[in-house]
Amino acid sequence: MKKIILTGDRPTGRLHVGHYVGSLKRRVELQNSGDFDEIYIMIADAQALTDNADHPEKVRENIIEVALDYLSCGLDPARSTLFIQSQVPELTELTFYYMNLVTVSRLQRNPTVKSEIQMRNFESSIPVGFFTYPISQASDITAFKATTVPVGEDQEPMIEQTREIVRKFNSVYGETLVEPEILLPDNKACLRLPGIDGKAKMSKSLNNCIYLSDTAEDVRKKVMSMFTDPNHLRVQDPGEVDGNPVFIYLDAFSRDEHFAEFLPEYKNLDELKAHYRRGGLGDVKVKKFLVNVLQSELEPIRQRRKEFEKDIPAVYRILEEGSKKAEKVAAQTLADVKRSMRINYFEDREMIEAQAEKFRQG
Ligand code: ATP
Ligand code: MG
């Protein structure tokens, strides 16, 4: 069986370092590994509209931002198909059929959707489209017969929902769809990177992000303003590293080489953590180190972004070509689905003949 990746992002803002460690970096590595037969990266504008119906301009404007972030991180259109969800209408048609395989109570149980509803104050007025977006996500994944979906932990319930739809579809209509596997980051700190405000998740919607396209100065300011252990008041006090966002970011980003380069008094993160726990290590020193670590990761991305920004029409051409290619693949899956559901009336010569015979005999 072919190994196929599908994943993507909502164009609700520029991409942040949470996206990077949760999914984007992995995608680039998988792309470069050559282990996959096909890779599809989707800008989920239709999904973004489900909770931004009143702000279509926000979604429209951010498509280019996400595309620039992709390219500057190393996604390569020659090896990965980059496309825009709304330009592949087959995805919407699949969603309409999958909706019949999912109950309202099943959607209500989805913990990610639950917390997103809360976060958006949708409790008494949930848009139907938003409520059903896990079904549309199942269409995105299955349309490309994806085997592997590299995402952050918040996406786990979505992949589980997709797997259920696949099993249900195949059992009712016959083996047609492929059950995908989730691919979570190996590094625990990357599963759900917290915000700079210490909130559980760095999220475009929460305004607590370090963006891939932030200037070096923005990054420095944001890190220096970050939450740490609230009880670590004086340098000599013992500090807590668990749940401390600065150390979680170091868990996510720092490598032993960074210590050799920027903080040679420590061999590695374990030593730094031990000192912080003992007391005698100030937050400013740790934060300055984190700034250096982040800059060394982000600077090449910023540089590449500047290059791609010089030719925006070329970026749209990449997305247009990718969307055309994606549509061909999705159309094939949709045809398979309709054939399995036997709503392929015009190509079903046998059915037409059998009915003709029935009517002939009166
Ligand atoms: P929104 O607030 O609009 O939902 P978001 O910041 O949650 O935006 P998405 O586009 O929903 O971003 O997520 C894109 C991908 O990035 C998903 O695979 C998701 O799991 C991953 N991701 C998002 N935020 C984080 C994070 N803080 N840590 C790790 N992975 C993340
Ligand atoms: Mg999200």
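**Student:** Could you clarify how one ought to interpret the overall build of the chain in this entry?
**Tutor:** Secondary structure summary: the chain contains 16 helices and five strands in total. By principal-axis analysis of the C-alpha atoms, the chain measures approximately 95 × 45 × 40 Å. Considering the chain as a whole, with its 362 residues, one finds that 53% of them fall into the buried category. If you take every contact in the chain between residues at least 6 apart in sequence, the share linking residues at least 24 apart comes to 75%. Carbon and sulfur atoms provide 52% of the accessible area of the chain, an area that totals close to 17,700 Å². Here the chain contributes 50 positive and 57 negative side-chain charges, whose respective centroids are spaced 1 Å apart.

**Student:** Please clarify how the packing of helix H4 (residues 90–98) against helix H8 (residues 133–143) should be interpreted in this entry.
**Tutor:** Helix-helix packing: each pair is described by the crossing angle between the helix axes and the interaxial distance. Running from N to C, H4 and H8 point in directions that differ by 120°, and their axes come no closer than 8 Å. Classified by the interaxial angle, the pair formed by H4 and H8 is oblique. The hand of the H4/H8 crossing is right-handed. Contacts from Leu91, Leu94, Thr95 and Tyr98 of H4 reach H8 at Ile135, Ser136, Ala138, Ser139, Asp140, Thr142 and Ala143. Class assignment for the residues of the contact of H4 with H8 results in six nonpolar, four polar and one charged.

**Student:** Quick question: what am I supposed to make of the packing of helix H3 (residues 56–73) against helix H15 (residues 312–340) here?
**Tutor:** Packing of H3 against H15 leaves a shortest axis separation of 11 Å and a crossing angle of 85°. In terms of their interaxial angle, H3 and H15 are classed as roughly perpendicular. Residues Ile63, Ile64, Ala67, Leu68 and Leu71 of H3 form the contact with H15, whose own contacting residues are Ile312, Val315, Tyr316, Ile318 and Leu319. Residues belonging to the contact of H3 with H15 are distributed by class as follows: ten nonpolar, no polar and no charged.

**Student:** Sorry, what's going on with the environment of Cys190 here?
**Tutor:** Position of Cys190 among the secondary structure elements: in the loop between strand E5 (181–183) and helix H10 (216–224). Residue classification places Cys190 among the buried residues on the basis of a relative accessible area of 6%. Sequence separation of Cys190 and Ser23 is 167 residues, and the distance between their C-alpha atoms is 8.7 Å. Residues in contact with Cys190, not counting those within four places in the same chain, are Val21, Gly22, Pro185 and Ala252.

**Student:** Before we go on, may I ask you to explain the site of ligand 1 in this structure?
**Tutor:** Around ligand 1, a shell composed of 23 residues is seen, among which Thr12, Asp154, Leu193, Lys201 and Ser205 lie nearest. One of the backbone N or O atoms of Leu193 is found 2.8 Å from a nitrogen atom in ligand 1. Considered on its own, ligand 1 offers 600 Å² of accessible surface; in the complex 98% of this is hidden by protein.

**Student:** Mind showing me how you'd approach the pattern of salt bridges here?
**Tutor:** Should the charged atoms of two oppositely charged side chains come close, the side chains can pair. All told, the structure shown has 36 salt bridges when counted by the stated rule. Of the charged contacts in the structure, one is a salt bridge between Arg106 and Glu164, with a shortest N-O distance of 2.8 Å. Highlighted residues: Arg106 in helix H5 (residues 104–108) and Glu164 in helix H9 (residues 156–173), separated in sequence by 58 residues. Glu164 gets classed as partly exposed once you look at its relative accessible area, which sits at 28%.

**Student:** Explain the state of the cysteines here, please?
**Tutor:** A full pass over the atoms with the stated rule returns zero disulfides. Left unpaired, Cys73 is separated from the closest cysteine sulfur, that of Cys190, by 14 Å. Between Cys209, a cysteine without a disulfide, and Cys73, which holds the nearest cysteine sulfur, the sulfur-to-sulfur distance is 15 Å.

**Student:** Even after reading the chapter, I still don't get helix H1 (residues 17–33), so can you show me in this structure?
**Tutor:** Working note: α-helix, 3.6 residues per turn, so residues spaced by three or four point in the same direction. At Ser23, H1 is deflected by roughly 45°, the largest bend along its length. Of all 17 residues in H1, 13 are buried; the element is thus mostly enclosed. Just downstream of H1 lies Gly34, where phi reads positive at about 75°.

**Student:** Would you mind showing me how to read the pairing of strand E2 (residues 38–43) here?
**Tutor:** Within a regular beta strand, the side chains point alternately toward one face of the sheet and then the other, so they alternate between its two faces. Across the six residues of E2, six count as buried, placing the element largely inside the fold. Relative to E2, strand E1 (residues 4–9) is paired through six bridges, and the arrangement is parallel. Paired with Gly8 across the strands is Met42, a residue of E2. At this point the chain moves from E1, through H1, to the parallel E2, and the crossover so formed is right-handed.

Each value, and the rule that gives it
- Residues numbered from 1 in each chain as written.
- Chains lettered and ligands numbered in written order.
- Predicted model: local features only at pLDDT ≥ 70, side-chain atom pairs only at ≥ 80, totals over all residues.
- Heavy atoms only, no water.
- Helix = DSSP H or I, 4+ residues; strand = E, 2+ residues; numbered from the N terminus.
- Buried < 20%, exposed > 50% of the residue type's maximum accessible area, 1.4 Å probe, protein only.
- Contact = heavy atoms within 4.5 Å.
- Areas by Shrake-Rupley, 256 points an atom, 1.4 Å probe, with all protein chains shown as cover.
- Lys, Arg positive; Asp, Glu negative; His and termini not counted.
- Charge placed at Lys NZ, Arg CZ, Asp CG, Glu CD.
- Axes fitted to C-alpha atoms, helices over the stretch in contact; angles between N-to-C directions.
- Parallel < 35°, antiparallel > 145°, perpendicular 65-115°, else oblique.
- Left-handed = near helix turned anticlockwise from the far one by under 90°.
- Nonpolar A, V, L, I, M, F, W, Y, C, P; charged D, E, K, R; others polar.
- Near = heavy atom within 4 Å.
- Polar contact = N/O pair within 3.5 Å; in protein donor to acceptor, adjacent residues only side chain to side chain.
- Salt bridge = Lys/Arg side-chain N within 4 Å of Asp/Glu carboxyl O.
- Disulfide = S-S within 2.5 Å.
- Bend = angle between axes of the 7 residues up to and from the residue.
- Pairing = 2+ DSSP bridges.
- Right-handed = clockwise from strand over helix to strand, strands pointing away.

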